[in-house]
Amino acid sequence: MRKNIVAGNWKMNLTLPEAKDLVEGIKNQLSNNTDGGTEVILIPPFPFLTEIKNQVVDSAISVGAQNCSMYKSGAYTGEVAANMLASVNTDYALVGHSERREYFNEINQVLAEKVNRLLENNIKVIYCCGESLEERKEDKHFNVVETQVELGLFHLSADEVKNVVVAYEPVWAIGTGETASPEQAQEMHAHIRRVLAAYYGDDVAEEISILYGGSVKPANAQELFQQTDIDGGLIGGASLKAEDFVSIINAF
Ligand code: PGA
């Protein structure tokens, strides 16, 4: 059966001392109160990966990167390669977060290369997809998300795609305080699973965790996570507070 996952995407926030305090807080609160059934992933900025990994090494918490280069190595100033991430024991990496797609012009074909670099280095992928408000208003949301999933992932074999987690994040719900209703989210998650099943077969599609992201908070996590095809959350703002993040983890 597929895993339940709660991942905290810190984005470009926190200094190292603040980050370490946050992790300490999360570890303390989790140890009081966890049934261990949900995988927890922390996704700090690059410079903190090693330190945070060391901090969680005695726990079940995994660590992820927010991005990686499409290139293997060489003269690409400012880029971070997948084998570098692997060498500091990074477990996961985000690919195609809407902020990368929008502000850094990352297109699906580039994202497909990033997926390859990560899987070559045994790093699991959290592949993000989601439509803009305009696309939803024009009733294009199912097509947009389907295309993102196809172009980013469908070059993978069934065995490879099992190392991918999909995160559905409607752009209009990210950092806006506006959440997709549980019904809207479930509808899209079921659609994504159907798209995966049509290509890879039901058994593979049933194994892939699909996370929801976009203004998830303690108050709405439970009703989102209760939906059949929602296997957890990718949390931005609320992952910066230990108490909120842990209460989202405990919402399963
Ligand atoms: P948010 O961000 O929870 O602050 O809306 C989610 C994300 O962008 O991953």
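Residues numbered from 1 in each chain as written. Predicted model: local features only at pLDDT ≥ 70, side-chain atom pairs only at ≥ 80, totals over all residues. Heavy atoms only, no water.

### Some remarks on the packing of helix α7 (residues 141-153) against helix α9 (residues 182-200)
At a closest axis distance of 10 Å, the pairing of α7 and α9 adopts a crossing angle of 40°. Judged by the angle between their axes, α7 and α9 are oblique. Crossing hand, α7 versus α9: right-handed. Across the interface between the two elements, His141, Phe142, Val145, Glu146, Val149 and Leu153 from α7 touch Glu187, Met188, His191, Ile192, Val195, Leu196 and Tyr200 from α9. Partitioning the contact of α7 with α9 into residue classes produces nine nonpolar, two polar and two charged. (Axes fitted to C-alpha atoms, helices over the stretch in contact; angles between N-to-C directions. Helix = DSSP H or I, 4+ residues; strand = E, 2+ residues; numbered from the N terminus. Parallel < 35°, antiparallel > 145°, perpendicular 65-115°, else oblique. Left-handed = near helix turned anticlockwise from the far one by under 90°. Contact = heavy atoms within 4.5 Å. Nonpolar A, V, L, I, M, F, W, Y, C, P; charged D, E, K, R; others polar.)

### Concerning the site of the ligand
Lining the immediate environment of the ligand, one finds 13 residues, of which Lys11, His97, Glu169, Gly175 and Ser215 sit closest. Between the ligand and His97, the relevant distance is 2.7 Å, taken from an oxygen atom to a side-chain nitrogen or oxygen of the residue. A distance of 2.7 Å separates an oxygen atom of the ligand from a polar backbone atom of Ser215. Across the shell around the ligand, the residue classes break down as four nonpolar, seven polar and two charged. (Near = heavy atom within 4 Å. Polar contact = N/O pair within 3.5 Å; in protein donor to acceptor, adjacent residues only side chain to side chain.)

### Focus on helix α2 (residues 49-56)
Looking only at α2, the buried set comprises Leu49, Ile52, Lys53, Gln55 and Val56. Seen along its axis, α2 keeps its buried residues to an arc of 160°; they face one direction. (Buried < 20%, exposed > 50% of the residue type's maximum accessible area, 1.4 Å probe, protein only. Arc of directions from axis to C-beta.)

### Observations concerning the pattern of salt bridges
Summed over the entire model, instances satisfying the criterion amount to 16 salt bridges. Salt-bridge contacts for Glu39 lead to Lys3; the nearest nitrogen and oxygen are separated by 2.7 Å. Separated by 36 residues along the polypeptide, Glu39 in strand β2 (residues 38-43) and Lys3 in the segment before β1 (4-9) bring together distant segments of the chain. Judged by relative accessible area, which is 40%, Lys3 ranks as partly exposed. Between Arg136 and Glu131 there is a salt bridge, and its shortest N-O distance comes to 2.7 Å. Across this residue pair, the class does not change: Arg136 and Glu131 are buried. Each of the salt bridges in this network shares a partner with another, and the network as a whole consists of Arg2, Arg193, Glu206, Asp229 and Asp231. (Salt bridge = Lys/Arg side-chain N within 4 Å of Asp/Glu carboxyl O.)

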